[in-house]
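As a plain string of letters, each chain reads:
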Amino acid sequence: MSLLAVRDLRGGYGPVRVLHGLDFDVEPGEIVVLLGANGAGKTTTLRALSGLIPATGSVRFDGTELVGRRPEAVVRRGVAHVPQGRGTLAELSVEDNLLVGAYLRSDPEVGADLERWYTTFPRLRERRGQPAGTLSGGEQQMLAIARALMGRPRLLLLDEPSMGLAPIITQNLFRTLAELNASLGVAMLVVEQNAMLALEIARRAYVLETGRIVTAGSAAELKGDEAVRKAYLGL
Amino acid sequence: MNVSLFFTQLANGIGAGAIYASLALALVLIFRTTGLLNFAQGEMALFSTYVTWWLWDQGAPILVAILVSVALSFAGGAVIERVVIRPVEAASPLIVVIVTLGMFLALNALTQVVFGTDAKQLASVFPRRVFDLGGVRLSAQTLGLVGVLVVECVLLWIVFQRTKVGLALRAVASNPTSARLVGISVGRMLMVGWALAAALGALAGSLVVPATEALTASSMQAILVFAFAGAALGGFDSPLGAVVGGLVVGVANALTIEYLEPLRDVELLVPFGIILGVLLVRPAGLFGTQRVERV
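Residues numbered from 1 in each chain as written. Chains lettered and ligands numbered in written order. Predicted model: local features only at pLDDT ≥ 70, side-chain atom pairs only at ≥ 80, totals over all residues.

This part takes up the overall build of chain A. A count of helices and strands for chain A gives ten helices and ten strands. Relative to its length of 235 residues, chain A is compact, with a C-alpha radius of gyration of 17 Å against a globular reference of 18 Å. In terms of principal-axis extent, the alpha carbons of chain A reach across some 45 × 40 × 35 Å. Per-residue burial for chain A yields a buried fraction of 47% across its 235 residues. (Helix = DSSP H or I, 4+ residues; strand = E, 2+ residues; numbered from the N terminus. Rg over C-alpha atoms; globule rule 2.2 N^0.38 Å. Buried ≥ 20, exposed ≤ 12 C-beta atoms within 10 Å, placed from the backbone.)

Printed below as a string of structure tokens:
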């Protein structure tokens, strides 16, 4: 059974319809990439999944229907959303940013998890007392991912993680994502402009055009697909 | 210049400033979480103060009356957020400002309907003693007000920096979307912000009224103006600024009344002058954050 099964997902902003009936799945532990041009509806899809905007259709996560639930309820089920622009809580310290990620948890292992992500991302430990807004773009992206992981999600929604980052930083970031996926088994749904890098770490991919899924397949297949190569890989 | 008179007035100013600082703190609490200037803050405090008076008039000891009123106001603040503010929260800021102005008038009218228009006398929790320190006159009231302000600041600091609710409140103020995405109910936090502000207002009102004169429906209006001046001076998003700003406004006012004869009967010129000056020179206030927006 799919971890996430999306059927006929429709949504938008007020009278503006952006999503015109999406169907896609994310299996447990896999990385799935959502490709598409600007305005195709990638970010809107993630926002609809996490309950930030109203949607219709069906989103079953581990058997539970998510459509119509508030973001708080969606997070509680184990879906963490790292928003576009990283969603840094700029005035809060790095450590408080991480602790906020564990807001819904009351188990005694929060401290151990904090330690774990400090070990994974040593830069965050060095800057634990600093306002998070003073971190570099790459550090803030690490912080956003670590904040999401503090909630121990089973599915991570990542919106343009490479936005505004230097190529070398982006490469490291994707390597880190692949490692986290392998070590934690956390599934990821990644929206990304940098299609090449994203397809490197993904198992499967979907291509979104004006609110509809037009192509689906394994990452390898899509890398070989002539239309995808032209449109998204710049080859 | 009479040195002991100067220090006496300075102390009086600090005592009054402690009240302005409390109310400015309440304004800042709401501004930080909702980005909203609550013009009804003074009248919320007024109604709470009447509740204190009523409880005391019914025979409750003044300290008990104040504590009960503060607790009721905490609940009342949460209800106001949920019932009055929430439905218009998504509307334009201008509409929300009009709503708080409407609340200002409505609460004032409600106070007069419920409690009558005659002036009330309220007991003070502080003894009516005045200490004479080498010519400098220092009242127990002044010491008490400053003490209460210090306790308030310490409690708020603990709540905001050392509790999970405080962390959530700061998260909502910093980035509401991110706060929602980690599972914080923004609506509930806004209710907590309004509740805290209402409770602070209740405490400030109940303590200041016996110090000034009788309790009437206009008791809080000038005080709100001074609190606004304090918050504007300190910066509307800075609790530290609210405290410093409130104290500065209190002292400036006391010294103006003492030393600038012509201004004695138009003392409200002082806070308005401070607001105007701050807006001209440093719009974000002394401790406020300058917002930089990319266009």
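Residues and elements named next belong to chain A. In this structure, R86 takes a positive phi of about 80° despite not being glycine. Along the chain, R86 turns up in the loop between β6 (79–82) and α3 (94–101). For R86, a count of 26 C-beta atoms within 10 Å puts it in the buried group.

Moving on: the sheet that holds strand β7 (residues 155–159) of chain A. Residue and element names in this part refer to chain A. With mixed pairing, the six strands of this open sheet are ordered in space as β6-β7-β8-β3-β9-β10. Looking at which strands have only one partner, the edges of the open sheet turn out to be β6 and β10 (212–218). Here the average twist between neighbouring strands, direction ignored, is 15°. Bridging between strand β3 (residues 31–36) and strand β9 (residues 204–209) involves five bridges; their strand directions are parallel. Within β9, the position partnered with G36 by the bridge is L208. (Pairing = 2+ DSSP bridges. Axes fitted to C-alpha atoms, helices over the stretch in contact; angles between N-to-C directions.)

This part takes up the packing of helix α9 (residues 221–234) of chain B against helix α10 (residues 239–259) of chain B. Any two packed helices are characterised by how steeply their axes cross, that is the angle between the axes, and by the distance between the axes. All names here are of chain B. Two elements in contact, α9 and α10, have axes separated by 7 Å at closest approach and are oriented at 125°. By the angle class used here, α9 and α10 are oblique. Note on packing geometry: the crossing formed by α9 with α10 is right-handed. Note on element contacts: α10 touches α9 through G241, A242, V244, G245, G246, V248, V249 and N253, opposite F226, A227, A229, G230, A231, L233 and G234. When grouped by side-chain class, the residues that make up the contact of α9 with α10 number nine nonpolar, six polar and no charged. (Parallel < 35°, antiparallel > 145°, perpendicular 65-115°, else oblique. Left-handed = near helix turned anticlockwise from the far one by under 90°. Contact = placed C-beta atoms within 7 Å. Nonpolar A, V, L, I, M, F, W, Y, C, P; charged D, E, K, R; others polar.)

Residue and element names in this part refer to chain B. By the element assignment, L224 lies in helix α9. The spacing of L224 and V248 is 24 residues in sequence and 15 Å in space, taken between C-alpha atoms. Once residues within four sequence positions are removed from consideration, L224 is found in contact with L23, Q41 and G42.

What follows covers the packing of helix α5 (residues 140–162) of chain B against helix α6 (residues 164–174) of chain B. All names here are of chain B. Between α5 and α6, whose axes approach to 5 Å, the crossing angle comes to 80°. By the angle between their directions, the pair α5 and α6 is classed as roughly perpendicular. Contacts from V159, F160, Q161 and R162 in α5 reach V165, G166, L169 and R170 in α6. Of the residues belonging to the contact of α5 with α6, the class tally is four nonpolar, two polar and two charged.

Tallying the contact residues gives 14 residues for chain B and 20 residues for chain A. Secondary structure elements with two or more residues in the side of chain B that touches chain A: α6 and α7 (176–181) of chain B. Considering every element that reaches the side of chain B that touches chain A, the biggest residue donor is α6 of chain B, with five residues.

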